[in-house]
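Given next are the chains, with one letter for each unit.
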Amino acid sequence: MIELKNISKRFGEKIVLENISAAFEKGKTNLVIGGSGSGKTVLMKCMVGLLEVDSGEVFFDARNFSSLNFKERKPFRQEIGMVFQGGALFDSLNVERNIMFPLSMFTDMSDSEKRDRANDCLKRVNLINVNKLFPSELSGGMKKRVAIARAIAPNPKYLFLDEPNSGLDPQTSILIDNLVKEITEEYQTTTVINTHDMNSVMEIGDKIIFLHKGRKWWEGSNMEITSSKNNELKDFIFASKILRELLEKN
Amino acid sequence: MGFSSMGIVAITSIFMGAVITIQTVYNLVNPLVPLWAVGVVTRDSIILEFAPTMISLVLAGKVGSSIASEIGTMRVTEQIDALEIMGINSSGYLTVPKLSAAIMIFPFIVVISMFLGILGGWIAGDLSGVISSAEYIRGVQDSFVPFNVTFAIIKTIAFAFLIVTISAYQGFYTKGGALEVGRSSTQAVVFSSIMILVFDYVLTQLILA
């Protein structure tokens, strides 16, 4: 479980996050939704320690992560897998080496063991015969899947995905959503996903928090979201006329 | 790191030596100064100044911009964040191997440049007929000071350090997208070149004066 307690972050005079508290449960897909500039990515970067919080605390299974320095965080790093918006695959390494990279950092596995693990992870994300390809030779969806394979390679307890559906066609987007849901349940990870994709919200949102102007405005599940009375949330989820009409019909 | 720049280094060095030789002959109007002195002037100019400084400026353009754009692209595509998530000290991880390679390889390139520069002067002098091979070679062999080569290597190591650290810094703190990566690359070359010239003066003042 990941717990956030009163997280605040500002850049200069601009308040980006204000007093955010939330809890993300193990084995569930926890979604952070909100419009562009609502603070989703900053919140995720604060959670994983890429940005330091100005105030508040982040707990990983009751262990205070935000109070630790760079060295002390090292053991936590092995437990964290992150998929960045663009994949963030290393351009100079092929797919196999990309997935083996975190294993080299965190484990004493031999090269053949690392290669086997990389192949297992690639199979898990339904990719075959791409081991020797370089990131520049992959499509957007394949990059995302390789990034997921790299993130799950060291068996992380906590999985973070920053807008995994952005720039993908609807079919690939659904494929990624299902994959993340399956991995979360199979590996019992605490998964946190930043998204503004309403399809993901409805399909895989076990728990959802809605950010608006750096503050948490709503918290609930995909079953409750459409019946919410929160005006900002309603504006966000019913921005699509088609969706609004469909829900009205139902 | 630098070996792919050997082509431009070779061309620069040969023509640099050729021009120094011809210009020195052109300016040598005093009949009391023997013609073989052209060899001495060419050799010392190349060893002390042209090979380390000019070639470092060339390498600042080629290697420096390459480092800044590579690290800058890694920054804007979140590859550096991906390294940090894995608990890697990204600045050290990305900079130290490049710095070690530059410090080890640049002196070799500069020594090759010295050789090619002196060779270029010889060929140009002989082909244009302004100085005979025998006189040029006599000049090149006359009153050679080995410390000059050591001094050139010291300068080159300092310049290698400047090129890599300045370029890596520019790349590492890139913010934005492709346009900013290009800007970082340009700034890396400009700042490296200025610092090379400043340190050229400082080191010459400290060691030779």
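Refer to the structure presented above.
Along each chain, residue indices are assigned from 1 in the same order as the chain's sequence is written. Whichever chain is written first is A, and whichever ligand is written first is 1; the rest continue in order. In keeping with the model being predicted, local features are shown solely for residues with a pLDDT of at least 70 and side-chain atom pairs are shown and tallied solely at 80 or more, while totals for entire chains, interfaces and linings include all residues.

A.B. asks: With reference to specific residues and values, describe the overall build of chain A.
C.D. replies: Helix and strand definitions follow DSSP, with helices as H or I runs of at least four residues and strands as E runs of at least two, each counted in order from the N terminus. Regarding its fold elements, chain A presents nine helices and 10 strands. Scaling as 2.2 N^0.38, a compact globule of 250 residues should have a C-alpha radius of gyration of about 18 Å, and chain A matches this with 18 Å. C-alpha atoms of chain A, sized along the principal axes, occupy 55 × 45 × 30 Å. Here a residue counts as buried when 20 or more other C-beta atoms fall within 10 Å of its C-beta, as exposed when 12 or fewer do, and as partly exposed in between; the C-beta atoms come from the backbone. Considering chain A as a whole, with its 250 residues, one finds that 42% of them fall into the buried category. Considering only contacts in chain A between residues 6 or more positions apart, those separated by 24 or more positions represent 66%. It is over C-alpha atoms that the radius of gyration is taken, and the globule rule equals 2.2 Å times the number of residues to the power 0.38. Here contacts are defined at the residue level, using C-beta atoms placed from the backbone and a cut-off of 7 Å between them.

A.B. asks: Talk me through the interface of chain B and chain A; I want residue IDs and the actual numbers.
C.D. replies: Each partner contributes residues to the interface: chain B has 10 residues there, and chain A has 13 residues. Nonpolar residues are Ala, Val, Leu, Ile, Met, Phe, Trp, Tyr, Cys and Pro. Charged residues are Asp, Glu, Lys and Arg, and all others, Gly as well, are polar. Across the side of chain B that touches chain A, the residue classes break down as four nonpolar, three polar and three charged.

A.B. asks: Can you lay out the nonpolar core for me, pointing to particular residues and giving the numbers?
C.D. replies: Working definition: the nonpolar core is a set of buried Ala, Val, Leu, Ile, Met, Phe, Trp, Tyr and Cys residues, joined through C-beta atoms within 7 Å. One finds Leu 43, Met 47, Ala 149 and Phe 160 of chain A together with Ile 163 of chain B to be the most contacted residues of the largest nonpolar core, which totals 108 residues. By residue number, the principal contributor to this core is helix α2 (residues 37-76) of chain B, which donates 13 residues. Sequence-distant contacts of Ile 163 of chain B, that is, excluding residues within four places in its chain, are made with Ser 56, Leu 59, Ala 60, Val 63, Gly 64, Ala 102 and Ser 192 of chain B.

A.B. asks: Pulling in residues and values, what's your account of the sheet that holds strand β9 (residues 207-212) of chain A?
C.D. replies: Residue and element names in this part refer to chain A. Read from one edge to the other, the open sheet built from six strands follows the order β6-β7-β8-β3-β9-β10, with strand pairing classed as mixed. The open sheet has two edge strands, β6 (80-83) and β10 (215-220), and neither has a second partner. Adjacent strand axes in the sheet meet at a mean angle of 15 degrees when their direction is disregarded. Being paired, for any two strands, means DSSP has found at least two bridges between them. Relative to strand β7 (residues 158-162), β6 runs parallel, the two being bridged by four bridges. When the bridges of β7 are listed, Met 82 appears paired with Phe 160. Only the stretch in contact is used when a helix axis is fitted, and all axes are lines through C-alpha atoms; the angle between N-to-C directions ranges over 0 to 180 degrees.

A.B. asks: Pulling in residues and values, what's your account of the environment of Ile 174 of chain A?
C.D. replies: All names here are of chain A. Its location among the elements puts Ile 174 in helix α6 (residues 170-187). Residue classification places Ile 174 among the partly exposed residues on the basis of 17 C-beta atoms within 10 Å. When the C-alpha atoms of Ile 174 and Asn 230 are compared, they prove to be 27 Å apart, with 56 residues separating the residues in sequence.

A.B. asks: Any details on unusual backbone geometry? Residues and values, ideally.
C.D. replies: Notably, Gln 188 of chain A is not glycine yet its phi reads approximately 50 degrees, a positive angle. Following the sequence through the fold, Gln 188 of chain A ends up in the loop between α6 and β8 (190-195). Although it is not a glycine, Ser 143 of chain B adopts a positive phi angle of roughly 40 degrees. Considering the arrangement of structural elements, one finds Ser 143 of chain B in the loop between α5 (133-141) and α6 (146-172).

A.B. asks: Tell me about the pairing of β9 of chain A, residues and numbers included.
C.D. replies: All names here are of chain A. Sheet analysis places strand β3 (residues 29-33) next to β9, joined by four bridges and oriented parallel. Note that in β9 the partner of Asn 30 across the bridge is Lys 207. Here five bridges tie β9 to β10, and the two strands are oriented antiparallel to one another. Looking at the pairing, Phe 210 lines up with Trp 218 of β10. The hairpin turn running from β9 into β10, its antiparallel successor, is two residues long, and Lys 213 in that turn takes a positive phi close to 50 degrees.

A.B. asks: Please set out the packing of α2 of chain B against α5 of chain B residue by residue, giving values where relevant.
C.D. replies: Residue and element names in this part refer to chain B. Packing of α2 against α5 brings their axes to within 6 Å, and their N-to-C directions diverge by 50 degrees. Taken together, the axis directions place α2 and α5 in an arrangement best described as oblique. Relative to α5, the crossing made by α2 is right-handed. In this structure, α2 contributes Ala 37, Val 38, Gly 39, Val 40 and Arg 43 to the contact, and α5 contributes Glu 135, Tyr 136, Ile 137, Arg 138, Gly 139 and Val 140. Looking at the contact of α2 with α5, its residues break down into six nonpolar, two polar and three charged. Throughout this description, any angle smaller than 35 degrees is read as roughly parallel, any larger than 145 degrees as roughly antiparallel, any in the 65 to 115 degree range as roughly perpendicular, and the remainder as oblique. Handedness of each helix crossing follows the sense of rotation of the near helix against the far helix: counterclockwise by less than a right angle gives left-handed, clockwise gives right-handed.

Interpretation in functional terms is not warranted from these geometric data alone.
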